[in-house]
Amino acid sequence: MSQLKVTKPGLSSVQDAGRFGLQRYGLAPAGAMDLRSLEIGNQLIGNAPHTAAIEVAPLPFTVRSLRGGFRFAMTGADRSVHIEGQSAAMNATHWVEEGKILRFGGCRHGVFSYLCFQGGIKAVPQYKSFSVDKNAGLGRPYSRPLSEGDLLDVNDAPQNFVEQSISPTDNVQTNGPIRVILGPQDDHFFPESIATFLQTRWRIAHASDRMSYKLDGPRIAHSRGYNIVSDGTVRGSVQITGSGQPLVLLADRGTVGGYPKIATISSLDLDRFSQLAAGTAFSFKLISVQESQRLLRLRAKSSALRIAKRDDPARCNVDLSKVINANVAGDAVSAVDPL
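Residues numbered from 1 in each chain as written. Predicted model: local features only at pLDDT ≥ 70, side-chain atom pairs only at ≥ 80, totals over all residues. Heavy atoms only, no water.

**Student:** Describe the overall build of the protein, listing the residues and the values that go with them.
**Tutor:** Within the protein one finds five helices and 21 strands. Looking at the protein residue by residue over its 339 residues, the buried ones come to 49%. Residue pairs at least 24 apart in sequence account for 76% of intrachain contacts in the protein once pairs closer than 6 positions are excluded. As displayed, the protein offers around 16100 Å² of accessible surface, 51% of which is attributable to carbon and sulfur atoms. (Helix = DSSP H or I, 4+ residues; strand = E, 2+ residues; numbered from the N terminus. Buried < 20%, exposed > 50% of the residue type's maximum accessible area, 1.4 Å probe, protein only. Contact = heavy atoms within 4.5 Å. Areas by Shrake-Rupley, 256 points an atom, 1.4 Å probe, with all protein chains shown as cover.)

Written out as structure tokens, the structure reads:
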């Protein structure tokens, strides 16, 4: 087993595919913002696709190998990679010897990169996941973003591994509009409001994070008020707040929300959307559920990724007292009784 020390954490946390089967208790899945890049990194390194990795946001990140060597791959948002001062490639596997320093520069394009270790990070999962959810105080080996001085244990990796790489273009997703499906509350908006939503060139607001991306642009008018009885959200739900600003819910979102949802980003483009940096301009394109499903099936047939099946969420043992005491959803009020 190898051990690493985080010497410059930037904005980073341990993430895998997420924590599933608990949304009915108010616990969001968390997990990697760009699942495709996580899967590619793990495939390169020989891990199961959703093995936990370090998700590194735009700032520089540095670790030192304290004990034993390790093999890694870095995928996702493009940045410089240096092993003890020597330049190394993104989207490729590399061996780091004991005592060496591994440095990653700030993002040149995109937002999130994934540092995948061969053999994976050694820790005991919480509810079958290592993913950090700082709002709920969950995650392994730390239930928070990484800090300077944190130690990470990595399972042993074979030294006779044949190093792998992919062309950078293989890890670039298709450009173009972000495809959305209307609803589930598109009937809460004027036809002109929906037209404005689809025709606007939006920008990612700087006040965005893993919970949601706020969009800068014209205000979207509600036709039936901006309050609904709170209902479930999904990754990619596009809420329109009381001020008329669109809000795209992402990995660390609340599991329910009380603003009408004008549209939902198709799974085709969720990872690509998550990699849009603050200030980036983009537009939406309307497609049907049927078209989204058809394109997803085509992608699955042509994809080289080995997608692992998740465990049955129904078999996830839950300590309800801990979930309730965590108050992850905040205070609840009745939507029908007077205040």
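**Student:** Account for the sheet that holds strand β6 (residues 81-83), naming residues and giving values.
**Tutor:** If you trace the six strands from one edge of the open sheet to the other, you get β7-β6-β9-β4-β1-β11, paired in antiparallel fashion. Each end of this open sheet is capped by a strand with a single partner; those strands are β7 (86-88) and β11 (151-154). Mean inter-strand twist for the sheet, computed between neighbouring axes without regard to direction, equals 30 degrees. As judged from the five bridges shared by strand β1 (residues 2-8) and strand β4 (residues 61-67), these two strands associate in the antiparallel manner. Across the sheet, Val-6 pairs through a bridge with Val-63, a residue of β4. (Pairing = 2+ DSSP bridges. Axes fitted to C-alpha atoms, helices over the stretch in contact; angles between N-to-C directions.)

**Student:** Which residues make up the side chain of Ser-65, and what are the values?
**Tutor:** Mapped onto the elements of the fold, Ser-65 is located in strand β4. When near neighbours in sequence (up to four residues on either side) are disregarded, Ser-65 contacts Gln-3, Phe-70, Glu-97, Glu-98, Gly-99 and Lys-100.

**Student:** Residue-level account of unusual backbone geometry, with values.
**Tutor:** Cis geometry is adopted by the peptide bond preceding Pro-141, which originates at Arg-140 and carries an omega value of 0 degrees. Positionally, Pro-141 belongs in the loop between β10 (109-117) and β11. Positive phi, normally seen in glycine, also occurs at Ala-30, with a value near 55 degrees. By the secondary structure assignment, Ala-30 is in the loop between β2 (12-15) and α1 (35-45). The phi torsion at Glu-84 lies on the positive side, around 50 degrees, for a residue other than glycine.

**Student:** Which residues make up the pairing of β10, and what values go with them?
**Tutor:** Each regular strand shows side chains that alternate between the opposite faces of the sheet. Counting buried residues in β10 gives seven out of nine residues, a clear majority hidden from the surface. Where strand β3 (residues 53-56) lies against β10, three bridges are found, and the strand directions are antiparallel. Bridge pairing in β10 places Val-56 opposite Ser-113.

**Student:** Help me get a handle on the pattern of salt bridges, residues and values and all.
**Tutor:** Between side chains of opposite charge, a pair can form as their charged atoms come close. Summed over the entire model, instances satisfying the criterion amount to eleven salt bridges. Ionic pairing is found between Asp-78 and Arg-108, a salt bridge with its closest N-O pair at 3.1 Å. Of this pair, Asp-78 sits in strand β5 (residues 70-78) while Arg-108 sits in the loop between β9 (101-104) and β10; the two residues are 30 residues apart in sequence, bridging distant segments of the chain. Exposure remark for Asp-78: the relative accessible area of 28% places this residue in the partly exposed category. Where salt bridges share partners, they join Glu-55, Arg-210 and Asp-252 into one cluster. (Salt bridge = Lys/Arg side-chain N within 4 Å of Asp/Glu carboxyl O.)

**Student:** Before we move on, can you summarise a positive patch on the surface with the specific residues and values?
**Tutor:** On the surface, Lys-5, Lys-8, Arg-64 and Arg-103 cluster together to form a positively charged patch. Lys-5 gets classed as partly exposed once you look at its relative accessible area, which sits at 34%. (Patch = residues over 30% accessible without salt bridge, like charges linked within 9 Å, V, L, I, M, F, W, Y side chains within 5 Å. Lys, Arg positive; Asp, Glu negative; His and termini not counted. Charge placed at Lys NZ, Arg CZ, Asp CG, Glu CD.)

**Student:** Help me get a handle on helix α2 (residues 191-199), residues and values and all.
**Tutor:** Among the residues of α2, those classed as buried are Ser-193, Ile-194 and Phe-197. End-on view of α2: buried residues confined to an arc of 100 degrees, all on one side of the axis. Structural note: α2 exposes Pro-191, Glu-192 and Gln-199 on the side pointing more than 90 degrees away from its buried face. As for α2, its buried residues are in contact with β12 (178-182), β13 (202-204), β16 (237-240), β19 (261-265) and β21 (284-286). (Arc of directions from axis to C-beta.)

**Student:** Talk me through the packing of aromatic side chains; I want residue IDs and the actual numbers.
**Tutor:** Across all of its chains, the model carries ten aromatic pairs by this definition. Each ring, one from Phe-72 and one from Phe-104, has its centre 5.9 Å from the other, and the planes form 90 degrees; the classification is edge-to-face. You can see Phe-72 sitting in strand β5 and its partner Phe-104 sitting in strand β9, a full 32 residues away along the chain. Judged by relative accessible area, Phe-72 falls into the buried class, the value being 0%. A residue is classified by how much of its surface remains accessible, and Phe-104, at 2% relative accessible area, is buried. Here a set of aromatic residues connected by ring pairs shows up, and it is made of Phe-197, Trp-202, Tyr-213, Phe-273, Phe-282 and Phe-284. (Phe/Tyr/Trp six-rings, centres within 6.5 Å; stacked < 30°, edge-to-face > 60°.)

**Student:** Any chance you could break down the nonpolar core for me, citing the residues and the numbers?
**Tutor:** A general trend in soluble globular proteins is that nonpolar side chains are found buried together. The biggest cluster of nonpolar side chains holds 34 residues, and the ones touching the most others in it are Phe-197, Ile-262, Ile-265, Phe-273, Phe-282 and Phe-284. It is β10 that provides the largest number of residues to this core, a total of four residues. (Core = buried A, V, L, I, M, F, W, Y, C linked by side-chain atoms within 4.5 Å.)

**Student:** Account for the environment of Gly-254, naming residues and giving values.
**Tutor:** Position of Gly-254 relative to the elements: it lies in the loop between β17 (246-249) and β18 (256-257). Overall, the relative accessible area of 37% leaves Gly-254 in the partly exposed class. On a C-alpha basis, the gap between Gly-254 and Gly-232 in space is 8.7 Å, while along the polypeptide they are 22 residues apart.

**Student:** An account of the side chain of His-94 is needed here, citing residue identities and associated values.
**Tutor:** Position of His-94 among the secondary structure elements: in strand β8 (residues 93-96). A distance of 2.8 Å separates a polar atom in the side chain of His-94 from the backbone oxygen of Ala-89. Non-local contacts of His-94, meaning those with residues more than four positions away in its chain, are made with Phe-70, Arg-71, Phe-72, Ile-83, Ala-88, Ala-89 and Glu-163. (Polar contact = N/O pair within 3.5 Å; in protein donor to acceptor, adjacent residues only side chain to side chain.)

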